[in-house]
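Understanding the architecture of this molecule
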Amino acid sequence: NYSNAPKASYANNDARLFYDYARRGFGISEDNIKLLIDKSATAANYYDALELWLPARVKPNITKIIVFYSGHGLPSSDAKELYLLAHDSRTASKLLRRTALLRSELFEQINNLKPKSVTMFFDTCFSGTSRDDVALLKDAKPINLLAPDTVKVPKNFVVFSSSLNNQISSGFEEAKNGLFSYYLMKGLEGKADKNNDRKITNGELEEYLNSNISKKASEIGREQNSQLVGHPNDNYAKKVLMVYK
């Protein structure tokens, strides 16, 4: 729920589900997970987590970081920057940069900590439209805002996004989750293991996500394609994301 923007249906459910999976699937202790939902997901708490909580837990070249975000994204008025909205963010162009989290800044701050690897999951879009087809900008025409994905992904980063930048990231009403989040959890539970070796690579997960998300989105009259981005020199698609029992 947002104080100054339309709600992002089921985004809080997505975060809770991923929090549980982070503990069970990735084996991360509760002390090493920061969960921000609804009224706790303020811009101040975002920056507190990034600048105080996270650095205290990262050992350079050892720690692996996982970031999950479900909610609204919005491009700047010139479509050169992409923002993640906090609970209290303001969508007016003059206030967006002061009240929302700049995605490139998120990359930079985490990269400066020199973690061993970073995996990011974004169940959001930058089309200017909510999951329920509501415009995030009150004075905007009901058309998609196109924002080029020009942010370079740092080395050892892998970014999974729920949709292309001119698409809406849909909700999955039957499951009460985002479409991307629902299939992300299913994939990590083993559904994405194409060769049945009990290991899931980034490429296997992306293939599973895109196949199922695009099919389900078409059933509700939408187009949605997930995407995987990494540093060109990392051979990131073949890297093992997790091993499951």
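Here the structure is a predicted model, which means the values were calculated and not measured.

Right, let's talk about helix α5 (residues 179-191) for a bit. At 3.6 residues per turn, the α-helix brings residues three or four places apart onto the same side. Between its terminal C-alpha atoms α5 stretches only 15 Å, short of the 18 Å expected from 13 residues at 1.5 Å a residue. Within the sequence span of α5, burial applies to Leu-179, Phe-180, Ser-181, Tyr-183, Leu-184, Met-185, Gly-187, Leu-188 and Gly-190.

Overall, mixed pairing links the four strands, which are arranged β1-β5-β6-β10 in an open sheet. Edge positions in the sheet fall to β1 (64-70) and β10 (227-230), since each of these pairs with one other strand and no more. Direction aside, neighbouring strands of the sheet carry axes that sit 10 degrees apart on average. Bridge analysis of strand β6 (residues 157-161) against β10 gives four bridges, and the strand direction is antiparallel. Paired with Val-158 across the bridge in β10 is Gly-230. In the packing of helix α4 (residues 103-111) onto the sheet, the strands contacted are β1, β5 (117-123) and β6, and the crossing angle to β5 comes to about 160 degrees.

Across the sheet, which stays open at both edges, the three strands sit in the order β2-β3-β4 with antiparallel pairing between neighbours. Every other strand in the sheet has two partners, leaving β2 (73-75) and β4 (101-102) as the edge strands with one partner each. For β2 and strand β3 (residues 82-84), the ladder comprises three bridges, and the chain directions are antiparallel. The partner of Leu-74 across the bridge, within β3, is Tyr-83.

What follows is about the nonpolar core. Counting 35 residues, the largest nonpolar core has Leu-54, Leu-106, Ile-110, Met-120 and Phe-122 as the members making the most contacts within it. If you list the elements that add at least two residues to this core, you get α2 (43-53), β1, β3, β4, α4, β5 and β6. The element best represented in this core is α2, accounting for four residues. If sequence neighbours within four positions are ignored, Leu-106 has contacts with Leu-50, Leu-84, Leu-101, Met-120 and Phe-122. Formed by 29 residues, the second largest nonpolar core is a distinct cluster that contains Ala-22, Tyr-183, Ala-217 and Met-242.

Attention now goes to the environment of Pro-115. With respect to the helices and strands, Pro-115 occurs in the loop between α4 and β5. In sequence terms Pro-115 and Thr-63 are 52 residues apart; their C-alpha atoms lie 5.2 Å from each other. For Pro-115, the residues in contact, after removing those within four places along its chain, are Val-58, Asn-61, Thr-63, Ile-65 and Ile-110.

Cut-offs used in this document
Residues numbered from 1 in each chain as written. Predicted model: local features only at pLDDT ≥ 70, side-chain atom pairs only at ≥ 80, totals over all residues. Heavy atoms only, no water. Helix = DSSP H or I, 4+ residues; strand = E, 2+ residues; numbered from the N terminus. Expected span 1.5 Å × (residues − 1). Buried < 20%, exposed > 50% of the residue type's maximum accessible area, 1.4 Å probe, protein only. Pairing = 2+ DSSP bridges. Axes fitted to C-alpha atoms, helices over the stretch in contact; angles between N-to-C directions. Contact = heavy atoms within 4.5 Å. Core = buried A, V, L, I, M, F, W, Y, C linked by side-chain atoms within 4.5 Å.

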